[in-house]
Amino acid sequence: MSSQLLDNTIHFVKQQLHGAEGGHDWFHIERVYKNAVLIAEGEECNIEIVQLGALLHDVADSKFQNGDETVGPKVARDFLERQGVDEATIAHVIAIIENISFKGGNFEKKFSSIELDIVQDADRLDALGAIGIARAFNYGGFKNRALYDPAISPNLKMSKEEYKNSHSPTLNHFYEKLLLLKDRMNTKTGKKLAEGRHKYMEDFLAQFYAEWEGDR
């Protein structure tokens, strides 16, 4: 990717995400971008598509667009067309944006490529470990959700719509998504990095429950 296109894309995304919720802001994009570039080093891929996909994947997350999943792809396409990016690259980046999300784990991707695998792993890594824990509780606070309610069990069989509209306690999200990600990583590097972050979350949960019960 040309340095000009990279700079323009970073500037555009920073503008779009100004004032965004802390778990889905520019710093999330920056972390995913770094993860994606790291993973790409071990894969045969089109690095420009990986970079653009990582930078634009959450440019208008449907969670903050009243659930409308068409906004993000449209915003990204409009920007890339203004930059004179070729149609094949644009189409590939849009396909990444449309297929990257977890969506309850019951969503079947309608597109596949190594570039999507890389960006998806990079995004999922940011939902794991210490950062993943911080992001989960930040978003839970943003939505005014309970930290934990022993009377509300995690729902592991949610449809895509049920997942999008769930209001369950933040701790349930660990079981409904975060702890499932390790075994859904696509790349060798992604799988390796996910292991340590997954273990960190398991240790956190053990400590959380012990403190909840007053054992520690």
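That block above? That's the structure.
The rules behind these values
Residues numbered from 1 in each chain as written. Predicted model: local features only at pLDDT ≥ 70, side-chain atom pairs only at ≥ 80, totals over all residues. Heavy atoms only, no water. Helix = DSSP H or I, 4+ residues; strand = E, 2+ residues; numbered from the N terminus. Expected span 1.5 Å × (residues − 1). Buried < 20%, exposed > 50% of the residue type's maximum accessible area, 1.4 Å probe, protein only. Contact = heavy atoms within 4.5 Å. Axes fitted to C-alpha atoms, helices over the stretch in contact; angles between N-to-C directions. Left-handed = near helix turned anticlockwise from the far one by under 90°. Nonpolar A, V, L, I, M, F, W, Y, C, P; charged D, E, K, R; others polar. Arc of directions from axis to C-beta. Salt bridge = Lys/Arg side-chain N within 4 Å of Asp/Glu carboxyl O. Parallel < 35°, antiparallel > 145°, perpendicular 65-115°, else oblique. Core = buried A, V, L, I, M, F, W, Y, C linked by side-chain atoms within 4.5 Å. Phe/Tyr/Trp six-rings, centres within 6.5 Å; stacked < 30°, edge-to-face > 60°.

Concerning helix α6 (residues 114–125)
Next, step 1: Here α6 contains twelve residues, and its C-alpha end-to-end distance of 16 Å stays within 8% of the 16 Å for a straight helix at 1.5 Å per residue.
Next, step 2: With eleven of twelve residues buried, α6 lies mostly within the body of the structure.
Next, step 3: All of the buried residues along α6 are Glu115, Leu116, Asp117, Ile118, Val119, Gln120, Asp121, Ala122, Asp123, Arg124 and Leu125.
Next, step 4: At its buried positions, α6 is contacted by α2 (26–40), α3 (47–56), α5 (87–99) and α10 (188–212).

Thoughts on the packing of helix α1 (residues 3–16) against helix α4 (residues 71–82)
Next, step 1: Where α1 meets α4, the closest approach of the two axes is 11 Å, and the angle between their N-to-C directions is 145°. Between α1 and α4 lies a crossing of right-handed hand. Residues Asn8, Thr9, Phe12 and Gln16 of α1 pack against Val75, Phe79 and Arg82 of α4.
Next, step 2: Looking at side-chain class alone, the contact of α1 with α4 contains three nonpolar, three polar and one charged residues.

Observations concerning α4
Next, step 1: In this model, α4 (twelve residues) spans 17 Å end to end at C-alpha, consistent with the 16 Å of a helix rising 1.5 Å per residue.
Next, step 2: For α4, every residue scored as buried is listed here: Gly72, Pro73, Ala76, Phe79 and Leu80. Buried residues of α4 fall within an arc of 135° about the axis and therefore sit on the same side. Seen from the open side of α4, the exposed residues pointing more than 90 degrees away from its buried face are Lys74 and Arg82.
Next, step 3: Packing partners of the buried residues in α4 comprise α1, α3 and α5.
Next, step 4: Following α4 by one or two positions, Gly84 has its phi on the positive side, about 75°.

Describing the pattern of salt bridges
Next, step 1: Taken as a whole and judged by the stated rule, the model has seven salt bridges.
Next, step 2: The salt bridge involving Glu87 is made with Arg77; its shortest N-O contact spans 3.0 Å. One end of the pair, Glu87, is in helix α5; the other, Arg77, is in helix α4, with ten residues separating them in the sequence.
Next, step 3: With a closest N to O distance of 3.0 Å, Lys182 and Asp183 form a salt bridge.

Examining the packing of α3 against α5
Next, step 1: Contact geometry for α3 and α5: axes closest at 9 Å, N-to-C directions at 45°. With respect to each other, α3 and α5 are oriented oblique. Classified by chirality, the crossing of α5 by α3 is right-handed. The residues of α5 that touch α3, namely those facing Glu48, Ile49, Leu52, Gly53 and Leu56, are Thr89, His92, Val93, Ile96 and Ile97.
Next, step 2: Split by residue class, the contact of α3 with α5 holds six nonpolar, three polar and one charged.

Overview of the nonpolar core
Next, step 1: Formed by 50 residues in total, the largest nonpolar core has its most connected members in Val13, Leu56, Leu80, Val93, Phe174 and Met201.
Next, step 2: In terms of residues, this core owes the most to one element, α2, which gives seven residues.
Next, step 3: When neighbours within four sequence positions are excluded, Leu80 is seen to be in contact with Leu52, Leu56, Val85, Ile90 and Val93.

Concerning the packing of aromatic side chains
The geometry of two aromatic rings is summed up by the distance between their centres and the angle between their planes.
Next, step 1: For the coordinates displayed, the defined rule picks out eleven aromatic pairs.
Next, step 2: The interplanar angle of 10° and the centroid separation of 4.3 Å between the aromatic rings of Phe12 and Phe79 together place this pair among those described as stacked. Here Phe12, found in helix α1, pairs with Phe79, found in helix α4; they are 67 residues apart in sequence, far enough to count as distant.
Next, step 3: Taking the relative accessible area as the measure of exposure, Phe79 reaches 3% and is therefore buried.
Next, step 4: With a centroid separation of 4.8 Å and an interplanar angle of 75°, the aromatic rings of Tyr148 and Trp212 are classed as edge-to-face. Here Tyr148, found in the loop between α7 (129–142) and α8 (160–164), pairs with Trp212, found in helix α10; they are 64 residues apart in sequence, far enough to count as distant.
Next, step 5: Put simply, the rings of Phe137, Tyr148, Phe174, Phe204, Phe208, Tyr209 and Trp212 touch in pairs and so form one group of aromatic residues.

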